[in-house]
Every structure is written in C-alpha cells, then in structure tokens.
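Results of the structural survey
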Amino acid sequence: MTESSESKESRKHVRGSSLLLAGRMISVLINFFVQVLIVRYLSKEGYGAFAYGYSIATLAARVTPLGTDKAISRFIPIYHEEKKVDQVKGALLVAITTTVVMGVLLVGLAVSTRNVLAETVVQDPLALSVLLMIIALAPLIAMENILEKLLAVFGRVKSLFIRRYVLTPLLRLSAVCGLMATGGDAVYLAGAYVVATVIGVFISAQILWRILRDDPLLAEIAKIKADLPTRRLFRFGVPLLSTDVVYGLRTSLVVVLLEFFHGTTGVAAFRAILPVARLNQIVFDSFKLLYVPTASRMFARGDTEDISQLYWRSSAWIALLTLPVLLISFSLATPVAVLLFGETYASSGPILAAVSMGLYLNAAFGFNALTLRVFKSVRTIMKIDLGAGLLALILNVIVVPIYGPLGGAIVSSFVMIVQNVAYQVVVMKAGQLKGIPAEIARIHAAIIVIAVALLLVQTMLVLPVAVGLAVAVVLTLIVWATFLKTLQIRELFPEIDRFLPRRFAVGEPLISDAHASPPVRAKQGQS
C-alpha cells in the first residue's frame, strides 16, 4: 500500500468521524434537553423508577445479539474487501436472526417471572411496572445498533449521521413532549420510548436496504445464496460478551443495589448525572464507529504500522476535543448538577465528578480494546474483562450498600481505569502498537493537570457557574492553541486552511520519525 493511499485511509477515517462528531453534538443538545425535561417533570421517585427500568433494558440490549454485533464490525468489512458477497449476506442473517430470537426469549422471560421479580429483586412496584414495559426496548435497541454498525461498515456516514444523531433524538423528544402533554407517568414514558424505537428501527432498515441495492458488489445480494459464517461469528463475538458483563457489573449492578438498599431516590441521584458524565465519551464514540472497519481493512491488507498511526492520531483528537466537557463535568460538577436539575440533586455533584473522570480516562486511553479485537486477541480481552467484572462485583456489593450512589460512582470509575490500564499494557507488550509519541503524552498530561487545578480552585473559591464556565472556555482555548498543530488540521481539512492563522497552517507529523518503524505484516490467513 503506498504512502499516499495510507494517508487517504487515515484521513477518511478522521473526516468521517468528525462528521459523526458534528452530528453527535446535535444529538447531545437534543438529548440533553430531553434529559432535563424528564428529570424536572417526573418526581425524584418517578425518575428513579424510569431510570431503573431503562438501565436494565439497555444492559439487556448489549447482551441480546450474543456478540454478533461486534463480530460484524470486523468480519463484514473483510468479506466485502475480499468480494465474498455470500459471506456478507450470511453474516447479516446470523446477526439479525440471533437478535430477534434472543429478544423474544428475553421479553418472554421477564413477563413470565414478574411475580418472582416483585418478591426477590425489585422493591418498588412502580419500578417493576416500568421494567415490564420498557424491557421490550432491549431487542429493539440491539437491532438499532446492528443497523447503525452496518451503515458505518459500508461507509455511509451521512446516512448514519441523520439516523443516529438527528432522527433518534427527535423521536425521543416527541415521546417526552407526549408525556408532558398528557400528564403521563414513568410507565407512559417507557411505552412512548418503545414506540419511538420501533419507528427508528423501521427507518434504519429502509436506509440499509437502499444502500445494499445501490452497491455495485452487493446489488444482487437478495438472489445470492448465503454462506452462514455462524461458528466464526460466535467464536469471535461470544467471548466479547465479557465486556458487556463488566459494563453491567459496573453500572447496572449499581442501579439494582441502589434500588434495593436506598430506594428509587438513590437510583435517581446516580442515574440523573450519567448523561452529563457520558458527554466525555462523545468524541470517543463518534470515532469508534469507523475505527474498527478502517483498522480491519488495514489488517486485511497487512498494514499494521498504519493501525498504530491511526490509533495515536485518533487519541490526540479525542483528548483535545473532550477537554471542555471534562472541565465542565469534572471540575465544575456540583454547580453544573444544581444548574441542570435543581437543588434536589446537589448531592449528585461529587457523583458526577467521579464518573466523569473515569469516562474521560476511558476515552483518553484510546481504542485499546478495539485494537485487540482487530488483531483477534479475543481471549485476552475476555480474561481482562472477567477479572474486571469480578472486581466490580466484589467492590459494589461491599461499597454500595454503605456509601450509596457516591460509592457506586467511585467503584465504577476505579474498575474502568483498572480495566483500561490492563488493555493498554497488553496491546503495547504485544507490539501491536508503538510507544506513545512524546507530543501525545504532553497533551494528556496537560489536560489532567488543568482539570484538577480548576477543581481545586472551584472547591476553595466556590466560583459562580458563569465565572467557572468562562474560565473553562479560556483554558480550553489555550490548550487548543498550544497543541493544535498536533491535530494536523491542514492535512485533514484543507478546505479550512485559509481560515487558520499562519502558525497553524504548517502541519507537523503526528508521530515523529523516532517512532516510525518498518511495517509489521499480518500473517497469511489471519483475516
């Protein structure tokens, strides 16, 4: 692969990811408005009941595809690159069929065991009613995620942009508006979310069908006999369920324990701030959608050196673009929580700070687990995930009953950091990535120092919200001005070059020659 084509591949990834980031910002604004409306409209107990059911449903959605959703992100780009249309169709059928079958079984299990749940697990009757309604979201969200991954795989970034970041938030906003117009409760909102998601899945399916029909290679896919790579997908995907298990033990287990020991108000205190904390994942999630398909195509061609460069370039973008969110959600956590949700949620400030730092560090580590997945190090991922899951289980059972929502937040962030450190150590020792370039290390160090310094200033001086936000903006601009050339803006976005100051118009290599080395080619048959 020539140097120019390598740069083109990386540039396409960053540009496409940046479009998704712009869409994510639109989505965030709408979802943020929706979250504030829900929290302020429902009572704290009512919101806690809704948040409890929604948390369980989203966790179930991660498990429902049995890992096939993760497998198709890797294998379908490879099959498409190798022009194996029969296996592309087969992989699609395996993922969709698995999700539908498991979804039906899951919903049936929840409904049939409702009395057992009421007697042993769920203490609040309203929370149980919401759960039985909203559990239908699990297969729907899982199907939605599969369809979105397929849009990313086939490179239809604009379609993904509209579907994921415009249509979905608007459908949820309409559900909340219906709630407020009819004077409904948490159960009504759960049902409205289910209806909105059904509409979204139908639209995504229509978009994907048009894409398959218009692709020259896949135009006749309906007539081609499918070659079902069932064993290959499950062998790759099922072990990756360990990641979802850890996610559940780190977040949903906290919610279950809070509802049992501290009631739905404890759930509300923890869950209300999560959408704010998860803003630290915006850039990471936007880049992630295209990272696996792009890196998998590089792996199929044996361009492992380019994967390392793609990894560190993405890391720089993620760290710098996430900085303003970190300063607001971590350094100014308490005043922001009160501003958004009212004095009732003042106690959620420290919870927001703890979760935000964990999520930022998760994003700043980059795509370590995804890189291991591209290199088929599935067993390694599973071992790390199971260890992290066991750690989360032990700490949550000990800490949450005593320290409540704040204890759950600290445990969640601690386990997340430990898990990512383990991923990073493995991916570096395996030689799949080169060492972190000095310029990237300076970016990460500067961001952490600035965030902690602003937190200390806010704690000692109790700055008004407006002043704190102004300081955060100034600090962000200073950091961006200092490290902007590292992002190689001129090379990635030449159309804005004329608007840049001269000192930023000269791009610098993201990874210096000192870190360059001859490409390590993938072995034959590894794809």
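Residues numbered from 1 in each chain as written. Predicted model: local features only at pLDDT ≥ 70, side-chain atom pairs only at ≥ 80, totals over all residues. Heavy atoms only, no water.

1. Some words on the overall build of the protein chain
Check the secondary structure of the protein chain and you find 21 helices and zero strands. Here the protein chain holds 527 residues, and the buried ones make up 56% of them. A separation of at least 24 residues holds for 85% of the contacts in the protein chain among residues at least 6 apart in sequence. Summed over all atoms, the accessible surface of the protein chain reaches about 21,900 Å², with 67% contributed by carbon and sulfur. (Helix = DSSP H or I, 4+ residues; strand = E, 2+ residues; numbered from the N terminus. Buried < 20%, exposed > 50% of the residue type's maximum accessible area, 1.4 Å probe, protein only. Contact = heavy atoms within 4.5 Å. Areas by Shrake-Rupley, 256 points an atom, 1.4 Å probe, with all protein chains shown as cover.)

2. Observations regarding the confidence of the model for the protein chain
In regions of low pLDDT, the predicted coordinates are not meant to be interpreted in detail. Of all residues in the protein chain, 85% attain a pLDDT of 70 or more, and the chain-wide mean is 83. When mean pLDDT is taken per element in the protein chain, helix H16 (residues 348-364) scores highest with 94 and helix H21 (residues 489-492) scores lowest with 51. Taken as a whole, residues 504-527 scores under 50 in pLDDT and shows 57 contacts with residues more than four places along the chain or in a different chain. (pLDDT = per-residue confidence, 0-100.)

3. Some thoughts on the packing of helix H15 (residues 333-341) against H16
Axis separation between H15 and H16 bottoms out at 7 Å; the angle between their running directions is 120 degrees. The pairing of H15 with H16 is recorded here as oblique in orientation. Where H15 crosses over H16, the handedness of that crossing is right-handed. Taking contact as the criterion, the partners of Ala333, Thr334 and Ala337 in H15 are, on H16, Gly349, Pro350, Leu352 and Ala353. In the contact of H15 with H16, the residues fall into five nonpolar, two polar and no charged. (Axes fitted to C-alpha atoms, helices over the stretch in contact; angles between N-to-C directions. Parallel < 35°, antiparallel > 145°, perpendicular 65-115°, else oblique. Left-handed = near helix turned anticlockwise from the far one by under 90°. Nonpolar A, V, L, I, M, F, W, Y, C, P; charged D, E, K, R; others polar.)

4. Topic: helix H7 (residues 137-153)
The end-to-end C-alpha separation of H7 is 24 Å, in line with the 24 Å expected for 17 residues at 1.5 Å each. With 15 of 17 residues buried, H7 lies mostly within the body of the structure. (Expected span 1.5 Å × (residues − 1).)

5. Describing the pattern of salt bridges
The full count for this structure, using the stated rule, is one salt bridge. Where glutamate 82 meets lysine 84, a salt bridge forms, and the shortest distance between an N and an O atom there is 3.1 Å. (Salt bridge = Lys/Arg side-chain N within 4 Å of Asp/Glu carboxyl O.)

6. Notes on empty space enclosed by the protein
With the rule as written, the count across this model stands at three cavities of 30 Å³ or more. The computed volume of the second largest cavity comes to approximately 60 Å³. Along the walls of the second largest cavity sit Glu144, Arg163, Thr168, Leu171, Arg172, Tyr193, Ala196, Thr197 and Gly200, which together make up its complete lining. Contributions of two or more residues to the lining of the second largest cavity are made by helix H8 (157-182) and helix H9 (186-214). Considered class by class, the residues forming the lining of the second largest cavity number three nonpolar, three polar and three charged. (1 Å grid on protein atoms, 1.4 Å probe; cavity = no way out; pocket = protein on both sides within 12 Å on 5 of 7 lines; lining within 4 Å. Points joined across faces, edges and corners; volume = space filled by probe spheres on them.)

7. Topic: the side chain of aspartate 385
Position of aspartate 385 relative to the elements: it lies in helix H18 (residues 378-429). Discounting chain neighbours no more than four positions away, the residues touching aspartate 385 are Ser242, Thr243, Val246, Gln419 and Tyr423.

8. A closer look at a nonpolar patch on the surface
Together, Leu390, Leu393, Ile394, Val397 and Ile398 line one region of the surface with nonpolar side chains, adding up to about 440 Å² of accessible area. Its place among the elements puts isoleucine 394 in helix H18. (Patch = residues over 30% accessible without salt bridge, like charges linked within 9 Å, V, L, I, M, F, W, Y side chains within 5 Å.)

9. A closer look at the environment of threonine 380
By the element assignment, threonine 380 lies in helix H18. The exposure class assigned to threonine 380 is partly exposed, which follows from its relative accessible area of 27%. Residues threonine 380 and proline 239 lie 141 residues apart in sequence; the distance between their C-alpha atoms is 9.6 Å.

10. Digging into the packing of aromatic side chains
Here the distance between the centres and the angle between the planes together describe a pair of aromatic rings. Under the criterion given, the structure shown has nine aromatic pairs. Plain terms: the ring middles of phenylalanine 50 and tyrosine 54 are 5.9 Å apart, the flat faces sit at 15 degrees to each other, and that makes the pair stacked. Of the two residues, phenylalanine 50 and tyrosine 54 both sit in helix H2 (residues 44-63), four residues apart, roughly one turn of that helix. Accessibility expressed as a relative area gives 15% for tyrosine 54, which makes it buried. Members of the aromatic cluster, connected to one another through ring pairs, are Phe50, Tyr54 and Tyr193. Cation over ring: lysine 44 sits above tyrosine 345, and NZ or CZ is 4.8 Å from the ring centre. (Phe/Tyr/Trp six-rings, centres within 6.5 Å; stacked < 30°, edge-to-face > 60°. Lys NZ or Arg CZ within 6 Å of the ring centre and 35° of its normal.)

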